[in-house]
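So you can see what is in the structure, the chains are spelled out below.
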Amino acid sequence: MHLHKFEKIWLIFGGITLVAFLITLGVNAFSHGHHPPSDLSRVQPAMVDQTAPFDKPGLVKTGENKYDLNMPSFVFGYAPNEIEIPLGAEITFHTTSKDVVHGFAIPGTNVNMMVVPGHVNSATTTFKKPGDYVILCNEYCGAGHHMMMAKIVVK
Ligand SMILES: [Cu+2]
């Protein structure tokens, strides 16, 4: 098969671009700690309020400077609605939905989950700067979607 000089140049350019793209994507994913949704355990959406750990939403100390934050999602909010987190602690968020698909994203961190009813999703992050953070729903879930948020105070 004969390839024209320009075809060869274009193929080489395309190959180099693809490899550069994949390297950039890989380095970014590892350096920011991105990974596929955990989705390891399941829960009955109607039974979320009676099922541990979502029967007692909030912060639970699990080790030296390590916490679990159990926050069920529902139309149109999260429980608890406002939470204080110690600066520099490793926080693992666990969430599930009581009703429809929601989002669970904290801008400026690696936390960005899709919350599917029946599944428990988890993400771990460390807040290195004090201040106010917000948990936002980024999956359209109904008429009150734009008001669905919770506040995190890191100090
Ligand atoms: Cu929403």
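Residues numbered from 1 in each chain as written. Predicted model: local features only at pLDDT ≥ 70, side-chain atom pairs only at ≥ 80, totals over all residues. Heavy atoms only, no water.

Draft legend 1. Spatial organisation of the overall build of the chain. Regarding its fold elements, the chain presents one helix and 12 strands. Counted from the first residue to the last, the chain has its helices and strands arranged as α-β-β-β-β-β-β-β-β-β-β-β-β. The C-alpha atoms of the chain give a radius of gyration of 20 Å, which is well past the 15 Å a tight globule of 155 residues would have. With the principal axes as the frame, the chain shows a C-alpha extent of 70 × 35 × 30 Å. Looking at the chain residue by residue over its 155 residues, the buried ones come to 33%. Contacts spanning at least 24 positions in sequence make up 59% of the contacts within the chain whose residues lie at least 6 apart. Element-wise, carbon and sulfur atoms account for 64% of the exposed surface of the chain, whose accessible area totals about 9600 Å². (Helix = DSSP H or I, 4+ residues; strand = E, 2+ residues; numbered from the N terminus. Rg over C-alpha atoms; globule rule 2.2 N^0.38 Å. Buried < 20%, exposed > 50% of the residue type's maximum accessible area, 1.4 Å probe, protein only. Contact = heavy atoms within 4.5 Å. Areas by Shrake-Rupley, 256 points an atom, 1.4 Å probe, with all protein chains shown as cover.)

Draft legend 2. Fine view of the pattern of salt bridges. Counted according to the given criterion, the structure contains four salt bridges. We note a salt bridge from Asp132 to Lys151, for which the minimum N-O separation is 3.7 Å. Placement of the pair is Asp132 in strand β11 (residues 131-136) and Lys151 in strand β12 (residues 149-154), with a sequence separation of 19 residues. Residue Lys151 is classed as partly exposed on the basis of its relative accessible area of 35%. (Salt bridge = Lys/Arg side-chain N within 4 Å of Asp/Glu carboxyl O.)

Draft legend 3. Broad picture of the coordination of the copper ion. Around the copper ion, the protein supplies Cys137 (SG), Glu139 (O), Cys141 (SG) and His145 (ND1) as donor atoms, at distances of 2.0 to 2.7 Å. One way to put it: the four donor atoms around the copper ion meet at angles of 79 to 133°, and that makes the site irregular. The sequence pattern formed by the donor residues of the copper ion is C-x1-E-x1-C-x3-H. In this structure Glu139 comes out as partly exposed when scored by relative accessible area, which is 24%. On the basis of relative accessibility, which here comes to 12%, the residue Cys141 falls in the buried class. (Donors = N, O, S within 2.8 Å, 3.2 Å for Na, K, Ca; no water. Tetrahedral: all angles 85-135°; square planar, octahedral: opposite > 155°, others 65-115°.)

Draft legend 4. Focus on the nonpolar core. The biggest cluster of nonpolar side chains holds 24 residues, and the ones touching the most others in it are Ile85, Phe93, Phe104, Ile106, Phe127 and Ile152. For this core, the secondary-structure elements that each account for two or more residues are β3 (66-70), β6 (82-85), β7 (90-95), β9 (112-115), β11 and β12. Considering every element that reaches this core, the biggest residue donor is β12, with three residues. Not counting residues up to four positions away in its chain, the partners in contact with Ile152 are Ile83, Ile85, Phe93, Ile106, Phe127, Gly131, Asp132, Tyr133 and Ile135. (Core = buried A, V, L, I, M, F, W, Y, C linked by side-chain atoms within 4.5 Å.)

Draft legend 5. Layout of the sheet that holds strand β10 (residues 119-126). Here we have five strands laid out as an open sheet, ordered β1-β10-β7-β3-β2, and mixed in their pairing. Two strands close off the open sheet at either side, each with one partner strand: β1 (41-42) and β2 (58-63). Sheet topology note: the β2/β3 ladder contains five bridges and is antiparallel. Of the residues in β3, the one forming a bridge with Gly63 is Lys66. (Pairing = 2+ DSSP bridges.)

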